[in-house]
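# Understanding the architecture of this molecule
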Amino acid sequence: MDKSYVSHLECSISGKQYEANKVHGLSEAGRPLLVKYDLQKLKKEVSRDDISNSKVDGLWRYFPLLPVPDPRNRITLGEAITPLIKLHRSVNYNNKDKGCVLVKDEGRLPTGSFKARGLCMAVSMAKQFKLDHLAIPTNGNAGAAMAAYATHAGIKSTVFCPDDTPDINVREIQSLGAETYLVNGLINDCGKIVGEGKDKVGWFDVSTLKEPYRIEGKKTMGLELAEQLNWELPDVIFYPTGGGTGLIGMWKAFLELKELGWIKGKLPRMVAVQADGCAPIVKAWKNGEEHAPLWENAYTKAAGIRVPVAVGDFLIIRAVRESNGFAISVSDEDIMEARDRVAAVDGCFLCPEGAATMIAFEKALSFNLVTSDDKVILFNCATGLKYPLPEVINTIDKNKTINYDMFL
Ligand SMILES: *Cc1c(COP(=O)(O)O)cnc(C)c1O
């Protein structure tokens with residue numbers, strides 16, 4: 001029963017090894033720790049078909065490739081296998097056999113965003129380690145996911161949000177049982193408060209990449225894609241990149257699957273999508289740099305990707321480079337236009353961050369960075385319903401004669 005294939009943790013920059021069965025934050029070098037598995041042993045004991053035939057729903061079906069050894073600590077709020085939706089109206093070549101554009105709709109997960117994957121895993125490990133207080137800085141979705149899983153597990157949670165975080169997110173977090181604070185700053189300012197409180201309050205810091213397990217949760221996006229596509233990965237993945245956990249996690253998943261021999265052929269090209277008003281990774285990638293300095297005066301309506309500085313910057317850039325992908329930024333104006341268009345034309349409700357991947361795809365197509373023969377995945381990372389939407393202006397006066405011709 002109590003079984004995990006985790007062999008150890010490893011510093012992502014120095015390669016130094018750390019013991020698996022201990023609580024860890026960042027490495028001594030101040031960089032993310034990556035979870036390593038005994039893949040040779042796993043390969044002998046578990047097959048791809050065992051996964052495909054699993055009766056377990058949602059992300060826990062991949063438990064051999066996940067860290068939580070004791071099933072009693074695997075918290076669940078009913079994570080869905082998120083669907084792939086073909087954009088067959090907004091993209092005009094989608095009737096071809098090979099080339100197509102599919103949206104992976106992560107808005108179906110608990111708390112309406114893919115942050116559920118990472119926090120499901122991090123909070124499950126917190127439960128495994130018997131941690132009793134978790135804290136997190138958030139632009140909204142991570143805080144809601146942490147609050148939900150921590151509360152479900154009976155663990156206390158404290159959340160810090162920039163004071164311009166959309167009201168709906170802040171209220172959601174508080175409603176889900178977290179002690180919730182608005183901070184007059186950006187997410188990195190909130191992160192500083194969490195970091196400084198570690199010794200003073202004794203809470204555990206669950207910030208993006210500052211503990212090892214959120215990546216493992218986000219990795220399930222890659223595992224799920226592989227299984228959904230019959231273990232043949234797509235050609236290109238467009239990912240709205242903030243802290244980059246998802247992009248790093250998926251790339252890690254693909255390398256592990258490749259080592260297991262569960263997938264064949266080329267790995268997908270990974271595309272980091274950011275907003276023009278906050279594009280540190282795009283800038284560093286274009287300049288051929290490995291690290292991305294803090295982006296001053298970060299602004300975008302796509303709050304999930306308003307991350308001015310990322311501890312895992314070099315891991316994002318490395319995955320983009322190793323996969324022969326690229327980094328690209330898009331304007332807020334285009335993002336909102338794409339969101340409204342895809343909803344109205346294809347019936348698929350993207351959040352602004354998801355819409356950013358649509359615009360990035362269209363731009364990339366026009367620059368010949370992708371072609372109509374490519375199978376492309378766009379990540380819609382949250383439900384479109386949490387964001388302000390265009391107003392309805394049509395009205396009917398029930399006391400007047402209705403001219404039904406206008407509905408024709
Ligand atoms: C967190 C978030 C992102 C960015 O994801 P990372 O994996 O942290 O880069 C994008 N969109 C939404 C809606 C988010 O909540």
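Please refer to the structure placed before this passage.
Read on for a plain summary of the structure. Because the structure is predicted, anything quoted here is derived from the model rather than measured.

Looking now at empty space enclosed by the protein. Taken as a whole and judged by the stated rule, the model has 1 cavity of 30 Å³ or more. The calculated volume of the largest cavity comes to roughly 60 Å³. V23, H24, A122, M125, A126, F129, L131, L134, F204, V206, E211 and Y213 together form the lining of the largest cavity. Ranked by residue count, the leading element in the lining of the largest cavity is helix 3 (residues 115-128), at 3 residues. In terms of residue class, the lining of the largest cavity is made up of 10 nonpolar, 1 polar and 1 charged.

Neighbouring residues of the ligand: 18 residues in total, closest K115, K218, Y239, G242 and G244. Side-chain polar atom of K218 to an oxygen atom of the ligand: 2.8 Å apart, as the coordinates give it. In the model, an oxygen atom of the ligand is placed 2.9 Å from a nitrogen or oxygen of the G246 main chain. Protein chains bury 97% of the 390 Å² of accessible surface belonging to the ligand in isolation.

Here the focus is the layout of surface pockets. Considering only enclosed or pocket space, the largest pocket measures out at about 630 Å³ in volume. As for the largest pocket, its lining consists of 39 residues, of which I187, T208, G242, G243 and V307 are closest to the centre. Those elements that provide at least two residues to the lining of the largest pocket are helix 4 (141-153), helix 6 (187-201), helix 7 (213-228), strand 10 (236-240) and helix 8 (245-260). Partitioned by chemical class, the residues of the lining of the largest pocket number 17 nonpolar, 16 polar and 6 charged. Size it by volume and the second largest pocket reaches roughly 390 Å³. Contributing to the lining of the second largest pocket are 17 residues, with L34, K36, W251, K252 and L255 lying nearest its centre. Broken down by secondary-structure element, the contributors of at least two residues to the lining of the second largest pocket are strand 1 (6-11), strand 3 (33-37), helix 8 and helix 10 (313-322). By residue class, the composition of the lining of the second largest pocket is 9 nonpolar, 1 polar and 7 charged.

Phi is positive for T111, close to 60°, though the residue is something other than glycine. Mapped onto the secondary structure, T111 falls in the loop between strand 5 (100-105) and helix 3. You can call T111 buried: its relative accessible area is 17%. Even without being glycine, K130 reaches a positive phi, approximately 60°. Classification of K130 as exposed rests on a relative accessible area of 73%.

With that settled, consider the packing of aromatic side chains. Two aromatic rings, taken as a pair, are described by how far apart their centres are and by the angle between their planes. Within the structure shown, the criterion is met by 8 aromatic pairs. Where F114 meets Y239, the ring centres are 5.8 Å apart and the plane angle is 25°; that geometry is what we call stacked. Placement of F114 in the loop between strand 5 and helix 3 and of Y239 in strand 10 is noted, with a sequence separation of 125 residues between them. Relative accessible area serves as the criterion here: at 2%, Y239 is assigned to the buried category. Note on F238 and F326: the rings are 6.1 Å apart at their centroids and 80° apart in plane angle, and the pair reads as edge-to-face. Of this pair, F238 sits in strand 10 while F326 sits in strand 12 (residues 326-330), placing them 88 residues apart in sequence. The class of F238 is buried, set by a relative accessible area of 0%. One aromatic cluster in this structure is built from F114, Y239 and F379. The cationic tip of K218 hangs over the ring face of F114; the distance from NZ or CZ to the ring centre is 3.9 Å.

Within strand 5, 6 of the 6 residues are buried, which leaves the element mostly enclosed by the surrounding structure. In strand 5, alternate side chains face the same way, and those of C100, L102 and K104 on one face and V101, V103 and D105 on the other are all buried. Examined bridge by bridge, strand 4 (residues 84-86) and strand 5 share 3 bridges and lie antiparallel to one another. Of the residues in strand 5, the one forming a bridge with K86 is L102.

Quick look at helix 6 now. Helix length check: helix 6, at 15 residues, gives a terminal C-alpha distance of 20 Å against a target of 21 Å (1.5 Å per residue), a fit within 8%. Looking at helix 6, one finds that the buried residues are I187, C190, G191, V194 and G197. Down the axis of helix 6, the sector holding all buried residues measures 125°, keeping them to one side. For helix 6, the exposed residues set more than 90 degrees away from the buried face come down to K192, D199 and K200. The elements touched by buried residues of helix 6 are strand 6 (133-137), strand 7 (156-162), strand 8 (179-183) and strand 9 (204-205).

Let's shift gears to the nonpolar core. Across soluble globular proteins, nonpolar side chains have a tendency to be buried as a group. Core analysis: the largest hydrophobic core is formed by 94 residues, its most contacted members being L119, L134, M250 and W262. Excluding anything up to four places from it in sequence, M250 contacts K218, K219, M221, G222, L225, I237, Y239, M270 and F379. Counting residues in each nonpolar core, the second largest holds 30 residues, with V101, V236, A355 and M358 among its members.

About the criteria used
Residues numbered from 1 in each chain as written. Predicted model: local features only at pLDDT ≥ 70, side-chain atom pairs only at ≥ 80, totals over all residues. Heavy atoms only, no water. 1 Å grid on protein atoms, 1.4 Å probe; cavity = no way out; pocket = protein on both sides within 12 Å on 5 of 7 lines; lining within 4 Å. Points joined across faces, edges and corners; volume = space filled by probe spheres on them. Helix = DSSP H or I, 4+ residues; strand = E, 2+ residues; numbered from the N terminus. Nonpolar A, V, L, I, M, F, W, Y, C, P; charged D, E, K, R; others polar. Near = heavy atom within 4 Å. Polar contact = N/O pair within 3.5 Å; in protein donor to acceptor, adjacent residues only side chain to side chain. Areas by Shrake-Rupley, 256 points an atom, 1.4 Å probe, with all protein chains shown as cover. Buried < 20%, exposed > 50% of the residue type's maximum accessible area, 1.4 Å probe, protein only. Phe/Tyr/Trp six-rings, centres within 6.5 Å; stacked < 30°, edge-to-face > 60°. Lys NZ or Arg CZ within 6 Å of the ring centre and 35° of its normal. Pairing = 2+ DSSP bridges. Expected span 1.5 Å × (residues − 1). Arc of directions from axis to C-beta. Contact = heavy atoms within 4.5 Å. Core = buried A, V, L, I, M, F, W, Y, C linked by side-chain atoms within 4.5 Å.

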